[in-house]
Amino acid sequence: MSDVHPHKRRSGLVRLWHATGYSLAGLRAAWAEKAFRQEAVLALLMLPAACWLASDWLQLALLWASVVLVLIVELLNSGIETAIDRIGPELHPLSARAKDLGSAAVLLSLLLAGAVWALALYHRFFSHG
């Protein structure tokens, strides 16, 4: 088992410490991506706005979750794109398909967030209930 990554042999708080470092490195790498930066800046504006917009804790949770979900899906999409780019720069139908599927996932998360926020705005300003 000499070819096992050293992280796999760690346990407990040491493993958690190193895993946290890897996660922070991932966030730093994501910050280099223009789409992630744009979505993160919007999230920094939208999360506090959700506190004002939400009428109860459940609505607040949905508003926050929809925004955070966009960031999560963008991170996964960036991971897919990075893995595909590592394989090689040549155009291949399966590489394009993988990237397109990741992009579609981001689109769906954005549409979901937009719908949740539109419904919350409607409820706040136009609902008479």
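Below is a summary of the structure that appears in this document. (Residues numbered from 1 in each chain as written. Predicted model: local features only at pLDDT ≥ 70, side-chain atom pairs only at ≥ 80, totals over all residues. Heavy atoms only, no water.)

1. Some points on the overall build of the protein chain
On a plain count of helices and strands, the protein chain comes out with 5 helices and 0 strands. For the protein chain, the α and β elements follow one another from N to C terminus as α-α-α-α-α. Taking the principal axes of the C-alpha coordinates as reference, the protein chain spans close to 65 × 45 × 20 Å. By the burial criterion, 22% of the 129 residues in the protein chain qualify as buried. Of the contacts made within the protein chain by residues no fewer than 6 positions apart, 57% connect residues no fewer than 24 positions apart. (Helix = DSSP H or I, 4+ residues; strand = E, 2+ residues; numbered from the N terminus. Buried < 20%, exposed > 50% of the residue type's maximum accessible area, 1.4 Å probe, protein only. Contact = heavy atoms within 4.5 Å.)

2. Concerning a nonpolar patch on the surface
A cluster of nonpolar side chains, W52, L121, Y122, F125 and F126, forms an exposed patch at the surface whose accessible area comes to about 580 Å². Broken down by element, the nonpolar patch gets its largest block of residues, 3 residues, from helix 5 (residues 93-125). You can see Y122 is positioned in helix 5. (Patch = residues over 30% accessible without salt bridge, like charges linked within 9 Å, V, L, I, M, F, W, Y side chains within 5 Å. Areas by Shrake-Rupley, 256 points an atom, 1.4 Å probe, with all protein chains shown as cover. Salt bridge = Lys/Arg side-chain N within 4 Å of Asp/Glu carboxyl O.)

3. Considerations on the packing of helix 3 (residues 34-53) against helix 5
Two elements in contact, helix 3 and helix 5, have axes separated by 12 Å at closest approach and are oriented at 25°. When the interaxial angle is binned, helix 3 and helix 5 end up roughly parallel. Along this stretch, helix 3 crosses helix 5, giving a crossing that reads as left-handed. Between helix 3, through E39, M46, A49, A50, W52 and L53, and helix 5, the contact on the second element is made entirely by V106, L110, W117, A120, L121, R124 and F125. (Axes fitted to C-alpha atoms, helices over the stretch in contact; angles between N-to-C directions. Parallel < 35°, antiparallel > 145°, perpendicular 65-115°, else oblique. Left-handed = near helix turned anticlockwise from the far one by under 90°.)

4. Some details on the nonpolar core
Counting 13 residues, the largest nonpolar core has F36, L53, L63, V67, L71 and W117 as the members making the most contacts within it. Going through the elements one at a time, helix 3, helix 4 (57-87) and helix 5 are the ones with two or more residues in this core. With 6 residues, helix 3 is the largest single contributor of residues to this core. Apart from the residues lying within four places of it in its own chain, the contact partners of L63 are A50, L53, A54, V116, W117 and A120. (Core = buried A, V, L, I, M, F, W, Y, C linked by side-chain atoms within 4.5 Å.)

5. A short note on the packing of aromatic side chains
Working definition: an aromatic ring pair is given by the centre-to-centre distance plus the angle between the planes. In this structure the tally under the stated criterion is 2 aromatic pairs. The positively charged end of R124 is found above the aromatic ring belonging to W52, 4.3 Å away from the centroid. (Phe/Tyr/Trp six-rings, centres within 6.5 Å; stacked < 30°, edge-to-face > 60°. Lys NZ or Arg CZ within 6 Å of the ring centre and 35° of its normal.)

6. With respect to the side chain of E39
As for its placement among the helices and strands, E39 is situated in helix 3. Buried within the structure, E39 lacks any salt-bridge partner; its nearest side chain of opposite charge belongs to R37, at an N-O separation of 11 Å. (Lys, Arg positive; Asp, Glu negative; His and termini not counted.)

7. Observations regarding the pattern of salt bridges
Inspection of every chain in the model, using the stated rule, returns 1 salt bridge. D85 is paired through a salt bridge with K99; the nearest N and O atoms lie 2.6 Å apart. Of this pair, D85 sits in helix 4 while K99 sits in helix 5; the two residues are 14 residues apart in sequence, bridging distant segments of the chain. On the basis of relative accessible area, D85 is assigned to the partly exposed category, the value being 46%.

8. Section: the packing of helix 4 against helix 5
It is the contact of helix 4 with helix 5, at a shortest axis distance of 9 Å, that shows an interaxial angle of 170°. Here helix 4 lies roughly antiparallel to helix 5, going by the angle between them.

9. Thoughts on the environment of L53
Checked against the element boundaries, L53 lands in helix 3. Distance in space between the C-alpha atoms of L53 and S95 is 41 Å, their sequence separation being 42 residues. Those residues within four positions of L53 in sequence are excluded, and the remaining contacts are Q59, L63, W117, A120, L121 and R124.

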